[in-house]
Amino acid sequence: KASGNVTWCIGKDTSGAVGTVVDSFNQANPEANVKLLELPEDAGEQRRLQIQRLQAESDECDVLGTDVIWTAEYAAQGWLLDVSDFISQNGDRFIQSTVDTTEYEGKNYAVPFNSNAGFIYYRTDEVDQAPQDWEALYEQASQGNGVVYQGFRYEGLTVNFLELLYSAGASVLSEDGSEATADSQEVRDVLEFMANGIDSGAAPKAVTTYKEEESRRAFESGNATFMRNWPYAYALGKDSKIADNFDISTFPGYKGNEGAGVLGGYNLAIAKFSQNPEGALAFIEFATDPAQQKLMATEASLPPTVTEVYDDPEVKKAMPFAEELRSAIEQAQPRPVSPVYPQISEAIYNNVFAALQGDMSPDEAATTMQEDIQKALETF
Ligand code: GLC
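This is a predicted model, so every value here is computed, not measured.

Scoring rules and cut-offs
Residues numbered from 1 in each chain as written. Predicted model: local features only at pLDDT ≥ 70, side-chain atom pairs only at ≥ 80, totals over all residues. Heavy atoms only, no water. Salt bridge = Lys/Arg side-chain N within 4 Å of Asp/Glu carboxyl O. Helix = DSSP H or I, 4+ residues; strand = E, 2+ residues; numbered from the N terminus. Buried < 20%, exposed > 50% of the residue type's maximum accessible area, 1.4 Å probe, protein only. Core = buried A, V, L, I, M, F, W, Y, C linked by side-chain atoms within 4.5 Å. Contact = heavy atoms within 4.5 Å. Phe/Tyr/Trp six-rings, centres within 6.5 Å; stacked < 30°, edge-to-face > 60°. Lys NZ or Arg CZ within 6 Å of the ring centre and 35° of its normal. Pairing = 2+ DSSP bridges. Right-handed = clockwise from strand over helix to strand, strands pointing away. Arc of directions from axis to C-beta. Disulfide = S-S within 2.5 Å.

Our focus in this paragraph is the pattern of salt bridges. For side chains bearing opposite charge, pairing can occur when the charged atoms are close. Applying the stated criterion across every chain yields a total of 19 salt bridges. Glu155 is the partner of Arg335 in a salt bridge, and the nearest nitrogen-oxygen pair spans 2.9 Å. Taken together, the positions of Arg335 in the loop between α14 (322–331) and α15 (341–357) and Glu155 in helix α7 (residues 155–167) put the pair 180 residues apart, joining distant regions of the chain. Across this residue pair, the class does not change: Arg335 and Glu155 are buried. The salt bridge involving Asp183 is made with Arg188; its shortest N-O contact spans 2.9 Å. Look at Asp183 and you get partly exposed, because its relative accessible area is 45%.

Okay, here's the thing in structure tokens:
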């Protein structure tokens with residue numbers, strides 16, 4: 001039933017699995033043709049390039065791969081078609097937390113495509129087991145070969161910071177989203193912890209230039225004992241020269257609390273200016289069905305959004321941590337939901353970055369973060 005051309009604009013296909021989904025769709029639907037338009041790896045850059053097209057009312061992208069944090073902004077701008085009908089018919093098969101990320105003001109504007117939750121990767125030939133808490137992890141990292149993470153000035157740094165802050169039981173916004181709550185002792189402590197990590201050499205100074213791929217390459221080249229990364233790095237790691245020498249574990253605790261995760265992932269949305277919304281929806285239906293979700297999990301350890309896929313024996317074999325992953329996704333906390341989320345995140349990562357670089361003290365960075373988030377909130 002699918003027909004016509006569909007262009008899918010999504011971030012770089014690091015694993016190749018996204019291309020496989022496109023090929024299988026095209027094979028199964030001879031009357032239709034999906035073309036992949038790959039955007040840069042950095043989520044902020046992807047958003048910038050999508051928005052450029054949306055503001056120009058361009059019809060180039062039919063299906064948008066949208067980071068879970070963009071739904072509110074894109075929907076508030078009127079850039080996405082309402083897919084509430086699709087979700088009310090098919091929503092049950094997805095993990096609830098992933099469906100929540102598609103919602104804005106009671107309607108659904110996207111379909112969950114791949115989910116995400118961070119994990120600790122560790123070298124089994126250097127340490128016996130994953131450390132119990134972040135404090136011990138940093139301690140062992142400074143005695144060993146270090147810890148790498150995403151410390152560049154971009155969205156990934158916001159995630160890395162919030163993982164620690166949520167573990168400390170704090171957040172940067174009030175529950176109703178109306179006020180910044182970054183002027184806290186917890187924010188100061190986390191900033192100090194991260195900055196000390198670099199000063200003490202537990203994390204190499206170079207982490208301030210790392211996004212996901214740079215961290216993965218450092219870990220795979222044997223230049224780190226620990227790495228914080230998403231599950232996609234598992235399949236690639238099992239295909240690298242350290243294949244037999246690493247394992248992965250759920251997040252450690254922090255300051256006596258249990259570890260907390262931040263929900264990541266991408267949804268598929270139909271751009272308002274698409275000339276082929278039916279074709280776009282048919283493709284989205286295909287890409288989010290259990291068979292394709294299984295393929296992405298087994299080929300590339302991309303976390304499925306479909307609940308039952310985690311019980312599949314082949315998925316469990318390819319991702320021995322499937323059970324933990326599903327609970328991590330169920331329990332992960334969302335980043336602040338707001339049409340001005342990108343500005344809020346900028347207020348977070350700019351100041352965390354300044355603290356990591358030693359350009360601001362943790363105290364100054366917390367104060368400035370508070371002011372910058374407050375300003376971001378006032379723009380809406
Ligand atoms: C991953 C996550 C996404 C997050 C990004 C940060 O792609 O899926 O939600 O924003 O990393 O770098």
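This part takes up the nonpolar core. Note that soluble globular proteins tend to have their nonpolar side chains buried in a common cluster. Core analysis: the largest hydrophobic core is formed by 111 residues, its most contacted members being Trp8, Phe161 and Ile373. Ranked by residues supplied to this core, first place goes to α15 with eight residues. Other than its neighbours up to four places away in sequence, Phe161 contacts Val172, Val187, Val190, Leu191, Met194, Ile348, Val352 and Met369. Grouped together as the second largest cluster of nonpolar side chains are 25 residues, Ile69, Ala75, Tyr109 and Tyr266 included.

With that settled, consider the packing of aromatic side chains. On inspection of all chains with the given rule, the structure shows 17 aromatic pairs. For the pair Trp70 and Tyr74, a centre-to-centre distance of 5.8 Å together with 15° between the ring planes defines the contact as stacked. When sorted by exposure, Trp70 lands in the same class as Tyr74, which is buried. Measuring from centroid to centroid gives 6.1 Å for Tyr121 and Phe219, while their planes differ by 75°, and the two rings are edge-to-face. In this pair, Tyr121 is assigned in strand β7 (residues 119–123) and Phe219 in helix α9 (residues 212–220), connecting sequence segments 98 residues apart. Taken individually, Tyr121 and Phe219 each receive the classification buried, so the pair is uniform in this respect. Put simply, the rings of Phe119, Tyr121, Phe219, Tyr234, Phe246 and Phe321 touch in pairs and so form one group of aromatic residues. The ring centre of Phe152 lies 5.3 Å from the NZ or CZ of Lys211, which sits over that ring.

For strand β1 (residues 4–11), the tally of buried residues reaches six of eight residues, placing the bulk of the element in the interior. Both β1 and strand β2 (residues 32–39) contribute to a ladder of eight bridges, which runs parallel. What sits directly across from Cys9, in β2, is Leu37. After leaving β1, the chain enters helix α1 (residues 17–28) and then returns to the sheet as β2, a path that is right-handed. Relative to strand β3 (residues 63–67), β1 runs parallel, the two sharing two bridges. For Cys9, the partnering residue across the bridge sits in β3 and is Leu64.

Right, let's get into helix α12 (residues 290–300). Among the residues of α12, Gln292, Gln293, Met296, Ala297 and Ala300 are the ones counted as buried. Here the buried residues of α12 occupy an arc of 140° about the axis, which is enough to place them on one side. The elements touched by buried residues of α12 are α1, β6 (111–116), α10 (232–237), α11 (277–287) and α13 (313–318). Following α12 by one or two positions, Ser301 adopts a phi angle in the positive range, close to 45°.

Turning next to the state of the cysteines. Under the definition given, this model contains one disulfide. The disulfide bridge from Cys9 ends at Cys61, spanning 2.1 Å between sulfur atoms. Taking the sign of the torsion about the S-S bond as the criterion, the disulfide between Cys9 and Cys61, at about -95°, is left-handed. With Cys9 in strand β1 and Cys61 in the loop between α2 (43–55) and β3, this pair connects stretches of sequence that are 52 residues apart. Accessibility classification places Cys9 together with Cys61 in one group, the buried group.

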